[in-house]
Amino acid sequence: MSDSRKSSFQIYRAPWVIPVASRVLSDGAVVVDSQNIVAVGVYSEIANEFPDSPVIVCPGVLLPALVNAHIHLELSIYGEVCPPENCYSMCSWIRALLRVRECSDLTMTGILKAAQRMVQKQYESGVGLMLDIGNTIIGNFDSSPVEIHFLYEMLGSTQVATERAIKFMAELPVVQSVTAHAPYSTSPKLLEAIKNRCSQNGQLFSLHLAESIDEVLLLTRGEGCFPEFLRDRTGSNSNFPIPGIDSTAVVGYLKNLGLVNAQSIFVHCVHLNDKEIEIIAESGSHVCLCPGSNRFLSVGKVRLQAMLDQGLLPALGTDSITSNPEVDLWQEMALLKKEHPRVSSEVIFSMATMGGARSMGREEVYGSLEVGKTARFLHVQDEAYDTVHSPEELLDCLVRKGHPDSVKWL
Ligand SMILES: [Zn+2]
């Protein structure tokens, strides 16, 4: 590399650099050109290698952008729905959400503006990449500061709804990615059709899975609150329990439908058995956890250690404001740490960065500070980070006390 080219680079130097893919650096530096990271290392070595490049000193910590792997931007206008004290089951929360959506006379402009405000809030909190799921195409976010991948979500449990959805999907432009809502709301035929379309077009597939015990009871035994809910909603009895279900449970059913592979993200995953976790891990599929939403809806805690033991690195998502008033990935990290104190903060931070980037197939650009990845990354500053003495302390401090106000974009 020529010296003149090197002199056009910019060096960011900080007391701490968290590359994620390698060990935390004390007095580290990141070198960038106009678009990408060119080098990462301890400052003394970087200064030797790039003696003519200008240096910006950043008190605090340099780290990669966060990845929010599950949100519903179209719901940003509503605020929280049915606080837990008024909702005694998952079905009553879904009923409340549907009532709010169906009875509101909101304009598309209002929905879009609320979504744009949410994108801005996510950006200011350090989110650089996001997976958005919605039942309506509310607008174009191409000029957004956050890279947003939007999946149009479809559902239909009856034969009529399935045929209607398949016809609608065939009329959508190929570039519009589609996905399915959940196994309980989407017939096996529609699940297969959606996944086939995703595979043909090289697009991601995302599915809410095992969010509540009621969902598992429906799918495995035909019990819980969902049979009545689905009867009320569709006018016909549900087709569950899944015929011939065995120890592989719901994930086994999804695998038989061809849904479980490296381009699939299963969201929530609160109630999975060991065999189901093993199938997901072996297939290269991804998991996205939403601890804030799970807490709001009182659906339980995920089996995080069991997932890590199988080699999974889950992604993190906020879900929408209707089930998570905070919509803040820092809060998701802090809550996960509180619920799983024995899981290291390093792993939890990796989930919010590398886990998300991998799940979306964007790890070549996001997820870590490495050569070739984006030069858009974060500088966080807070007096709490000034007094830490080790990488472990630093990561613990970030995960437990990190907050959007401390974030600046570089
Ligand atoms: Zn969701």
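Parameters and conventions
Residues numbered from 1 in each chain as written. Predicted model: local features only at pLDDT ≥ 70, side-chain atom pairs only at ≥ 80, totals over all residues. Heavy atoms only, no water. Helix = DSSP H or I, 4+ residues; strand = E, 2+ residues; numbered from the N terminus. Rg over C-alpha atoms; globule rule 2.2 N^0.38 Å. Buried < 20%, exposed > 50% of the residue type's maximum accessible area, 1.4 Å probe, protein only. Contact = heavy atoms within 4.5 Å. Areas by Shrake-Rupley, 256 points an atom, 1.4 Å probe, with all protein chains shown as cover. Lys, Arg positive; Asp, Glu negative; His and termini not counted. Charge placed at Lys NZ, Arg CZ, Asp CG, Glu CD. Pairing = 2+ DSSP bridges. Axes fitted to C-alpha atoms, helices over the stretch in contact; angles between N-to-C directions. 1 Å grid on protein atoms, 1.4 Å probe; cavity = no way out; pocket = protein on both sides within 12 Å on 5 of 7 lines; lining within 4 Å. Points joined across faces, edges and corners; volume = space filled by probe spheres on them. Nonpolar A, V, L, I, M, F, W, Y, C, P; charged D, E, K, R; others polar. Domains from an automatic or database assignment. Buried area = accessible area lost by both parts, 1.4 Å probe. Core = buried A, V, L, I, M, F, W, Y, C linked by side-chain atoms within 4.5 Å.

A count of helical and extended segments in the protein gives 16 helices and 15 strands. Scaling as 2.2 N^0.38, a compact globule of 410 residues should have a C-alpha radius of gyration of about 22 Å, and the protein matches this with 22 Å. Here the C-alpha coordinates of the protein stretch approximately 70 × 45 × 40 Å along the principal axes. Across the 410 residues in the protein, those meeting the buried criterion constitute 56%. Relative to all contacts within the protein whose residues are 6 or more apart in sequence, the contacts with residues 24 or more apart total 69%. A total accessible area of about 17,500 Å² is found for the protein, and carbon and sulfur atoms account for 49% of it. In the protein, 33 positive and 47 negative side-chain charges are present, and the distance between their average locations comes to 3 Å.

Let's shift gears to the sheet that holds strand β7 (residues 127–134). Reading across from one edge, β6-β7-β8-β9 is the order of the four strands in this open sheet, with parallel pairing throughout. On the outer flanks of this sheet lie β6 (66–71) and β9 (178–180), each paired with one strand and no other. Averaged over all neighbouring strand pairs, the angle between strand axes comes to 25 degrees, with direction disregarded. Sheet topology note: the β6/β7 ladder contains four bridges and is parallel. Across the sheet, isoleucine 71 pairs through a bridge with aspartate 132, a residue of β7.

Reported here for the largest pocket is a volume of approximately 1,000 Å³. The wall of the largest pocket is formed by 38 residues, among which Leu98, Asn135, Glu153, Leu155 and His181 lie closest to the centre. Every element with two or more residues in the lining of the largest pocket is listed here: α3 (90–103), β8 (147–154), α5 (159–171) and α8 (226–234). Among the elements that take part in the lining of the largest pocket, α3 stands out by supplying seven residues, more than any other. Taken together, the residues of the lining of the largest pocket sort by class into 15 nonpolar, 15 polar and eight charged. Computed from the structure, the second largest pocket encloses a volume of approximately 550 Å³.

So, on to the sheet that holds strand β13 (residues 315–316). For sheets, the rule is that strands pair by backbone hydrogen bonds, running either parallel or antiparallel. Strand order across the open sheet formed by four strands is β10-β11-β12-β13, with parallel pairing between neighbours. Where the open sheet ends on each side, the last strands, each with one partner, are β10 (205–209) and β13. As defined by bridge partners, strand β11 (residues 264–268) adjoins strand β12 (residues 286–289) across three bridges and the pair is classed as parallel. Bridging across to β12, phenylalanine 266 finds its partner in valine 287.

Further remarks concern the environment of serine 125. Residue placement: serine 125 occurs in the loop between α4 (108–124) and β7. Here the alpha-carbon distance between serine 125 and alanine 182, two residues 57 residues apart in the chain, equals 29 Å. Excluding residues within four positions of it along the chain, serine 125 makes contact with Leu66, Trp330, Pro404 and Val407.

Here the domain parsing of the protein yields domain 1 (3–64 + 369–409) and domain 2 (66–359). The straight-line distance from the C-alpha centre of domain 1 to that of domain 2 is 33 Å. Between domain 1 and domain 2, the residue contacts involve 20 residues of the former and 20 residues of the latter. Around 1,600 Å² of area is buried between domain 1 and domain 2 when both sides are counted, 69% of it from carbon and sulfur atoms. A per-residue breakdown of the area domain 1 buries against domain 2 is headed by Val20, Val399 and Trp409, which together make up 36% of the total.

With that out of the way, let us pick up the nonpolar core. Formed by 104 residues in total, the largest nonpolar core has its most connected members in Ile18, Leu209 and Leu254. Looking at this core element by element, the count peaks at six residues for α3. The residues that make up this core include at least three from each of domain 1 (3–64 + 369–409) and domain 2 (66–359). Those residues in contact with isoleucine 18 that lie beyond four places of it in its chain are Val24, Val61, Leu62, Leu63, Pro64, Phe349, Leu369, Leu394, Leu395 and Leu398. With 15 residues, the next largest nonpolar core counts Leu129, Leu131, Leu204 and Met360 among its residues.

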